Amino acid sequence: MSKITPVLLSGGSGTRLWPVSRSLHPKQLLPIAAERSMFQETLRRFSSPDFLPPLVVCNDEHRFIIAAQLQALGVKAAAIVLEPVGRNTAAAAAIAALILSESAPESLMFMAPSDHVIDDLAAFLKSMAAAVEAAQAGKLVTFGIDPLHPETGYGYIQRAEPLAGIAGAFSVARFIEKPQRETAEKLLADGDCFWNSGMFLFSPGVWLEELSAHAPDIVVGASRALKNATRDLDFLRLDRESFARIPSLSIDYAVMEHTAKAAVVPAAMGWSDIGSWSSLWERGDKDPAGNVITGDVIVEHSRGNYIRSDGRLLAALGVEDLIIVETSDAVLVCHRDRHQDVKLLVERLAKSNRSEASTHTRVHRPWGFFETLHLAPGTQVKLIEVNPGAALSLQYHHRRAEHWVVVSGEAAIVRGDDELLLRENESTFIPIGMKHRLENRHDQPLRIIEVQVGDYLGEDDIVRLEDRYKRTAS
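This report concerns the structure included in the present document. Treat the numbers as computed from the prediction; the structure is a model and nothing was measured.

**Overview of the layout of surface pockets**
Thought 1: Here the second largest pocket defines a volume of roughly 1200 Å³.
Thought 2: For the second largest pocket, the lining is made up of 38 residues, of which Leu 24, Thr 359, Val 363, Arg 365 and Glu 459 are closest to its centre.
Thought 3: Per element, the largest residue contribution to the lining of the second largest pocket is 5 residues, and it comes from strand β21 (residues 368–376).
Thought 4: Taken together, the residues of the lining of the second largest pocket break down into 10 nonpolar, 13 polar and 15 charged.

**Here's the deal with the sheet that holds β21**
Thought 1: Spatial strand order, β20-β21-β22-β29-β24-β27: 6 strands in an open sheet with antiparallel pairing. Sheet topology places β20 (362–365) and β27 (427–430) at the edges, where each strand pairs with a single neighbour. Along the sheet, successive strands turn relative to each other by an average axial angle of 20 degrees, direction set aside.
Thought 2: Where β20 meets β21, 4 bridges bridge the pair, whose relative direction is antiparallel. Its bridge partner being in β21, His 364 is matched across the sheet by Phe 369.

**Thoughts on the pairing of strand β29 (residues 446–454)**
Thought 1: Burial along β29 is one-sided: Leu 446, Ile 448, Glu 450, Gln 452 and Gly 454 are buried, and none of Arg 447, Ile 449, Val 451 and Val 453, which face the opposite way, are.
Thought 2: Pairing of strand β22 (residues 379–386) with β29, which is carried by 8 bridges, proceeds in the antiparallel orientation. For Leu 383, the partnering residue across the bridge sits in β29 and is Ile 449.
Thought 3: In this sheet, β29 lies alongside strand β24 (residues 400–408) in antiparallel orientation, the contact comprising 8 bridges. Paired with Arg 400 across the strands is Gly 454, a residue of β29.

**As for empty space enclosed by the protein**
If a probe the size of a water molecule is rolled over the atoms, the empty space left behind becomes visible.
Thought 1: Here the structure, examined in full by the defined rule, presents 1 cavity of 30 Å³ or more.
Thought 2: Here the largest cavity defines a volume of roughly 200 Å³.
Thought 3: Taken together, 21 residues form the lining of the largest cavity, with Trp 367, Leu 392, Gln 395, Glu 459 and Ile 462 sitting closest to its centre.
Thought 4: Elements represented by at least two residues in the lining of the largest cavity include exactly β22, β24, β28 (436–439) and β29.
Thought 5: Considering only residue class, the lining of the largest cavity consists of 7 nonpolar, 5 polar and 9 charged.

**A short note on the packing of aromatic side chains**
Thought 1: Under the definition given, this model contains 11 aromatic pairs.
Thought 2: Connected via pairs of aromatic rings, a cluster forms that spans Phe 46, Phe 51, Phe 110, Phe 124 and Phe 143.
Thought 3: In this structure, Arg 336 packs its charged tip against the face of Trp 281, placed 3.4 Å from the ring centre.

**Section: the packing of helix α6 (residues 204–214) against helix α7 (residues 216–227)**
Thought 1: At their nearest, the axes of α6 and α7 sit 5 Å apart, and the two run at 120 degrees to each other. Here α7 runs oblique to α6, going by the angle between their axes. Every residue of α7 that contacts α6 at Leu 208, Leu 211, Ser 212 and His 214 is listed here: Pro 216, Ile 218 and Val 219.
Thought 2: For the contact of α6 with α7, the residue count by class is 5 nonpolar, 2 polar and no charged.

**Re the sheet that holds strand β14 (residues 292–294)**
Thought 1: The strand order across the open sheet built from 4 strands is β14-β16-β18-β19, with neighbouring strands paired in mixed fashion. Two strands close off the open sheet at either side, each with one partner strand: β14 and β19 (331–335). Geometrically, the sheet is characterised by an average inter-axis angle of 5 degrees between neighbouring strands, direction not taken into account.
Thought 2: Bridging between β14 and strand β16 (residues 306–309) involves 3 bridges; their strand directions are parallel. Bridge pairing links Thr 294 to Arg 308 in β16.

**Some thoughts on helix α2 (residues 63–72)**
Thought 1: Every buried residue of α2 is accounted for by Arg 63, Phe 64, Ile 65, Ile 66, Gln 69 and Leu 70.
Thought 2: Check the buried side of α2 and you find it contacts β1 (4–10), α1 (38–44), β2 (55–59), β3 (79–83), β11 (235–237) and β20.
Thought 3: Of the residues trailing α2, Gly 74 is marked for its positive phi of about 70 degrees.

**Focus: α6**
Thought 1: Those residues of α6 that fall on the buried side of the exposure criterion are Pro 204, Val 206, Trp 207, Leu 208, Glu 210 and Leu 211.
Thought 2: In this fold, the buried residues of α6 make contact with α3 (88–103), β4 (108–113), β6 (140–145), β9 (193–202), α7 and α9 (251–256).

**Points about the side chain of Arg 400**
Thought 1: In this structure, Arg 400 sits in strand β24.
Thought 2: The class of Arg 400 is buried, set by a relative accessible area of 3%.
Thought 3: Polar contacts involving the side chain of Arg 400 include one to the side chain of Glu 402, which spans 2.9 Å.
Thought 4: Within the local environment of Arg 400, its side chain forms a polar contact with the backbone oxygen of Gly 458, the two atoms lying 3.1 Å apart.

Cut-offs and rules
- Throughout, residues of each chain are indexed from 1 in the direction in which the sequence is written.
- Note on the predicted model: pLDDT of at least 70 is required for a residue's local features to be given, and 80 or more for side-chain atom pairs to be given and counted; whole-chain, interface and lining totals, by contrast, use all residues.
- Each side-chain value is derived from all of the structure's non-hydrogen atoms; neither hydrogens nor water enter the calculation.
- Here a cavity denotes a set of grid points, spaced 1 Å apart and computed over the protein atoms alone, in which a 1.4 Å probe fits but from which it cannot get out, and a pocket denotes an open set meeting protein on both sides within 12 Å along at least five of seven lines; residues with an atom within 4 Å of a point are reported as lining.
- Grid points are joined across faces, edges and corners, and a volume is the space filled by probe spheres set on the points.
- Each helix corresponds to a stretch of at least 4 residues labelled H or I by DSSP, and each strand to a stretch of at least 2 residues labelled E; elements are numbered beginning at the N terminus.
- Side-chain classes are defined by residue name, with Ala, Val, Leu, Ile, Met, Phe, Trp, Tyr, Cys and Pro counting as nonpolar, Asp, Glu, Lys and Arg as charged, and the others, Gly among them, as polar.
- For two strands to be treated as a pair, DSSP must find no fewer than two bridges joining them.
- Helix axes are fitted only over the stretch in contact, all axes being lines through C-alpha atoms; the angle between N-to-C directions runs from 0 to 180 degrees.
- Between buried and exposed lies partly exposed: a residue is buried under 20% and exposed over 50% of the maximum accessible area for its type, with that area taken using a 1.4 Å probe on protein chains only.
- Two rings from Phe, Tyr or Trp (for Trp, the six-membered ring) form a pair when their centres sit within 6.5 Å of each other. Planes less than 30 degrees apart are called stacked, planes more than 60 degrees apart edge-to-face, and all others tilted.
- Put simply, a charge is over a ring when the Lys NZ or the Arg CZ is close to the ring centre, within 6 Å, and near the line of the ring normal, within 35 degrees.
- Convention used here: angles under 35 degrees read as roughly parallel, angles over 145 as roughly antiparallel, angles from 65 to 115 as roughly perpendicular, and any remaining angle as oblique.
- Note on contacts: a residue pair is in contact if any heavy atoms of the two residues lie within 4.5 Å.
- Any pair of N or O atoms that falls within 3.5 Å is considered a polar contact. Within protein, one atom must be able to donate a hydrogen and the other to accept it, and sequence-neighbouring residues count only if both atoms are side-chain atoms.

Written out as structure tokens, the structure is:
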């Protein structure tokens with residue numbers, strides 16, 4: 001098998017699995033379908049010698065979580081490319097192809113969404129072998145999933161004649177948009193249509209040739225964004241102005257629906273894009289009444305529900321076919337038939353400027369995390385955990401003061417012109433406008449309780465004077 005560079009796509013808005021998934025911590029970065037995150041499970045599929053180090057294309061706001069999850073698996077990425085704005089998959093594939101045409105021109109590139117589940121790795125690799133033959137023959141290969149039921153949430157691919165000399169690969173007759181129920185039932189009955197997985201394999205050169213022919217503006221914009229890109233620690237930061245001008249198109253819309261080089265490899269690999277809470281119910285282990293239960297949950301006289309608690313006891317009595325999901329700051333209750341409409345709730349939250357649309361009570365930072373324990377007018381209480389060897393920025397605030405109490409570990413603190421070392425049960429006070437920094441110089445996590453007092457407690461009231469992670473000044 002030719003060497004393959006996995007191109008992991010980690011974007012997304014985090015709406016369909018709200019409230020567990022949110023825009024600043026979407027589903028691929030969470031352990032939703034396994035003990036590891038979906039991003040990490042995707043990485044583990046490419047551990048064989050046939051695969052080169054992965055190239056990751058991700059949202060700028062997720063960069064430190066992505067880096068931490070790579071490090072946790074001991075994986076060194078070929079590059080971590082930061083998208084300043086979302087521009088769909090065709091632009092991401094163009095950026096990856098331009099990079100690989102220089103660094104690994106003989107390799108093939110496999111476009112791998114990082115929020116998909118594949119249960120049968122052997123079947124996946126078998127399908128990959130057929131796809132490699134087709135890609136080496138100059139085809140743009142997509143993977144079609146054997147449909148299990150008339151699903152209306154996926155697009156479909158209809159195959160045409162087999163590719164000569166390549167077992168298991170076919171030309172593409174047409175791509176079909178997400179269908180209505182009756183159409184989906186007919187497509188399933190026809191036997192020559194497959195779910196569109198959104199996974200692709202092709203050579204960087206062939207992809208750029210076809211993209212230049214069918215959507216040249218994407219290639220031009222990607223080239224400019226890459227030419228004007230800057231290095232930021234271990235990240236490659238694309239030029240915002242150039243990238244923002246690129247048309248927002250999927251790989252299918254930009255090229256696959258127009259090219260004569262499209263091919264499809266059908267596969268039965270236990271695939272799911274975990275696109276809704278209902279899909280987790282379908283995959284989950286059910287009790288005798290058809291309930292899928294995760295966390296501290298008790299049910300009585302209830303059937304066909306997906307019920308998940310990430311913290312508190314959740315009790316359900318006499319309910320059927322519901323999705324009930326509890327997190328520390330939100331509870332979702334909806335009928336299983338309305339699983340695709342969860343995004344409507346998130347849109348409403350976003351329009352109301354509710355933080356629950358984008359962030360959890362626990363917010364990850366490059367130095368660790370903070371978790372909001374209490375929030376009221378004029379007061380906020382947080383738990384702050386600083387990783388070994390990490391430090392917050394040297395900063396000050398215009399509108400809030402802070403009280404710090406060390407819970408565990410030892411805190412090295414800059415407080416104005418003074419430097420302090422505080423241990424468990426010791427505390428200090430940071431007045432409004434005083435520069436300060438919190439640092440953990442030891443090999444165990446540092447935990448403190450922070451009490452904020454002021455007339456404004458937003459995260460944008462931070463003026464950074466120095467920052468080892470090169471974040472913006474405010």
